[in-house]
Amino acid sequence: MELELHRVDYNIVGITSKSCMKLLPHTKTGEQQKVVIADNEGILQVFSVKKEDIQLQFKTLPGHKITSVQLSGEPGTVCDKIFASSENEVRGFTRKGKLFLSFDSNMTEPITSMYVLGNDLFLCGKHTYNHYKDCKDIGSYLCGDCIVDVIALHTNKSHRLVALIACEGRMIRALEHARVTLSMEVESSPTVLHVYDDNDIRSVLFGTIDGRIGLLDIEKTQSFSKWIIQDNQYTSAISCMDSYKMVQIEHKNVIVGRQDGNIEVYAIDLSDKEASVLLYTTNCNESVTSLCCGIIGEANYDEILVATYTGRIFGLTTQSVERNLNTDSKNYYFTTESVQRISKLKNEIEELQIKVTKEREKYQASTHSYMEEMSAIPLLSIKDSMVQSKQDASYVLTLEVPTAIDNVLLQSNVPVDLLDVEKNSAVVSFSEAEPHNGNFLLATYRCQINTNRLELKIRTIEGQYGTLQAYVTPIIQPKCCQVRLFEIKPLSMHFRVHSIEKKRPFNLLTIKGPFSLAEIHSWVFQCVPEVPEKPQFIDATVLFFESTFLGTHLECNFQKGEAKFASDNISTISIIREFLTKEATKKKIKIDINVVINDDSINHILKLIDPKLQSHAKLSKEISLLDALHELGVNDTETIKALSTEYQNLLEKDKELRAEFSNQPAYLDRLYGITTDLYIDYYKFKGTSVKSKIPKLLTILDNYNYKNLLLFFRPEFETSDSI
């Protein structure tokens, strides 16, 4: 089963947001559909494509940023009414551009996501959910997590109206009459929700920040059902989804748009346990904000219409590009209309170039004048994100600018490692760091021509917390730079989970004092990633976390006046104690601290580190042997045949081993550092300073043996058989 699509560019608008584009339904089967598109300049427009030319139906004046566009209609009628949200207002337009609704929601925060179903309107801000019926408020809900998307549907059996909100805290909540009736836990933070309607059966799909698509069962099991699309190698977050029959099969295809510009078409069967089949993939080098499927450019030809962050609107059509190809001479030929259109476009481009040249000369002249004229710095919108990647225990830092990027300077006041990224074609150069001045990293990325999206990978060190700053310089005049700050938290290598193993040997930290719930929640929020911004006003808040690097667990249980932290890693407990003590001292709050250490946790952690130490010590040794073989000039076939089988196998796997080694720079040093910190923290809680013994510990690690390492940590085992 193959799918062949060809790109056709249609239009360019302003910077767009998620859910900014829709297709108006057609009245006849196979006819072309009109496109509804909105941008951050507040302009909503509807256009159609006739004979390869854009025909504008209507266009609104600029205003506040439009955050969402939805289509709806009266129950039982065609959904051709256009709804656009901006700030706290929702406006409704007919397909001809007549304004029939201007509704002020009176929400306390701007609208970030919207869904319209018949006469029901669902609006969400960052933390608030509101349900309106016929523009009358019938309920609201305050969520501690950040809400990223909302949908609503009538269930298949009971036909109840259920709204679903996707929350950053790895949770999808179902609401009826603005009350949470169901909370569904998922493994990764959801980014988008989609109603998959196929053969009169409605299911709910959701995309995640780590690139997977899951299925929710809101009727039978009332929880997460299964993964439809698994993304074993981290690519990028899913930003939009649609379902449509691109090929003639029994079920609709799922079309996915990602943050890294990937557009993918899958064949799926929700009743089948087998993995979905990827039919088509392409990359547009810009993050995809919205996509819709229908008939746009040519009648009877299905198409995927895509909107990107910078405002490019293009289609991926099933129509063959060979329609203008002469089969005899293999040369392209064009109709008279096409020739006239090309000539017209050339003239327009020449006129625009002349205008740009004149304006540039005018601007240059004004900067050299003696009048009090100022150079205006253009304000560019930079789309940035810093997402944790569990696969390789790192952070993926993404920067996207509407225009080409000249260079990006990274500066960090804490030690971090930069990892290689295959998608990154920028040239990196490092400046000499000055740790005594708070500069542990100074790196400059010089981008290739026409690069407007840069992706970097960073690995942090737990216990070292501060800020990472990215200075982004685009290629515009006058020269300017924008700064983006990213917080690196003390336990930066932890991520949120919904449950942990209770049988592990846990160490316990208990803190008591006259602090409020808001204060202790703020401290935990600053210490660990993926903590909700606002506290839940309940008896006690319980959060669970897991380390991406070692797989250790952490339980946070806190309320007003008391907090308990349990972890199988002593270093985690040490970091939390140090951080909370520092924060309490800042606010002059007297706290009582009690730590209970479980000695068996040392054996447990060393067993977790053991396979990593062995594999990476072996890899380092193999790289050293390969370097020695290359220095000896072992390259020709006859010499290689004279080597032992072990060395021959090493030379055969040269590229693979070096690729693995380059992808994990300083990984062995990081493991040494974790082991050293564990040793220091373990004896620090026992009231002993062991810094003088660190050289001996490093010697044991260089000649690694699990038994010797455990005996060094716990000498009492030397006379027992409990190792």
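Everything discussed here concerns the structure shown above.
Before going into details, it helps to say that this report is about the structure given with it. Every value quoted in this text rests on a predicted model; they were computed, and no experiment measured them. (Residues numbered from 1 in each chain as written. Predicted model: local features only at pLDDT ≥ 70, side-chain atom pairs only at ≥ 80, totals over all residues. Heavy atoms only, no water.)

## Topic: the sheet that holds strand S5 (residues 53-59)
Line of reasoning, step 1. Taking strand neighbours across the sheet as the criterion, the four strands line up as S2-S3-S4-S5 in an open arrangement whose pairing is antiparallel. The open sheet has two free edges, formed respectively by strand S2 (21-23) and S5, since each of these has just one partner strand. Averaged over all adjacent pairs, the angle separating strand axes in this sheet is 25°, with direction ignored.
Line of reasoning, step 2. Here six bridges tie strand S4 (residues 44-50) to S5, and the two strands are oriented antiparallel to one another. By the bridge assignment, Ser 48 is partnered in S5 with Gln 55. (Pairing = 2+ DSSP bridges. Helix = DSSP H or I, 4+ residues; strand = E, 2+ residues; numbered from the N terminus. Axes fitted to C-alpha atoms, helices over the stretch in contact; angles between N-to-C directions.)

## Describing the packing of helix H8 (residues 667-685) against helix H9 (residues 694-702)
Line of reasoning, step 1. The interhelical angle for the contact between H8 and H9, taken along N-to-C directions, is 140°, at an axis separation of 11 Å. On the basis of their axis angle, the class for H8 and H9 is oblique. Read as a crossing pair, H8 and H9 show a hand that is right-handed. In this structure, H8 contributes Tyr 672, Thr 675, Thr 676, Tyr 679 and Ile 680 to the contact, and H9 contributes Ile 694, Leu 697, Leu 698, Leu 701 and Asp 702.
Line of reasoning, step 2. In the contact of H8 with H9, the residues fall into seven nonpolar, two polar and one charged. (Parallel < 35°, antiparallel > 145°, perpendicular 65-115°, else oblique. Left-handed = near helix turned anticlockwise from the far one by under 90°. Contact = heavy atoms within 4.5 Å. Nonpolar A, V, L, I, M, F, W, Y, C, P; charged D, E, K, R; others polar.)

## Thoughts on the pattern of salt bridges
Close approach of charged atoms allows side chains of opposite charge to pair.
Line of reasoning, step 1. Per the stated rule, a full pass over the model turns up 26 salt bridges.
Line of reasoning, step 2. A salt bridge links Arg 173 to Asp 145; the nearest nitrogen and oxygen atoms lie 3.6 Å apart. Of this pair, Arg 173 sits in strand S16 (residues 171-176) while Asp 145 sits in the loop between strand S13 (136-142) and strand S14 (147-154), and the two are 28 residues apart along the sequence.
Line of reasoning, step 3. In this structure, Glu 530 and Arg 170 form a salt bridge, with 2.8 Å as the shortest nitrogen-oxygen distance. (Salt bridge = Lys/Arg side-chain N within 4 Å of Asp/Glu carboxyl O.)

## Observations regarding the sheet that holds strand S23 (residues 253-258)
Line of reasoning, step 1. The four strands lie next to each other as S22-S23-S24-S25, forming an open sheet whose pairing is antiparallel. Taken across any chain shown, the strands that pair with only one partner, and hence form the sheet edges, are strand S22 (238-244) and strand S25 (277-283). Each adjacent strand pair in this sheet contributes to an overall mean axis angle of 15°, direction not counted.
Line of reasoning, step 2. Bridge count between strand S24 (residues 262-267) and S25: six bridges; the pairing is antiparallel. Counted as the bridge partner of Asn 262 is Asn 283 from S25.

Purely geometric stuff here, so don't read any function into it on its own.
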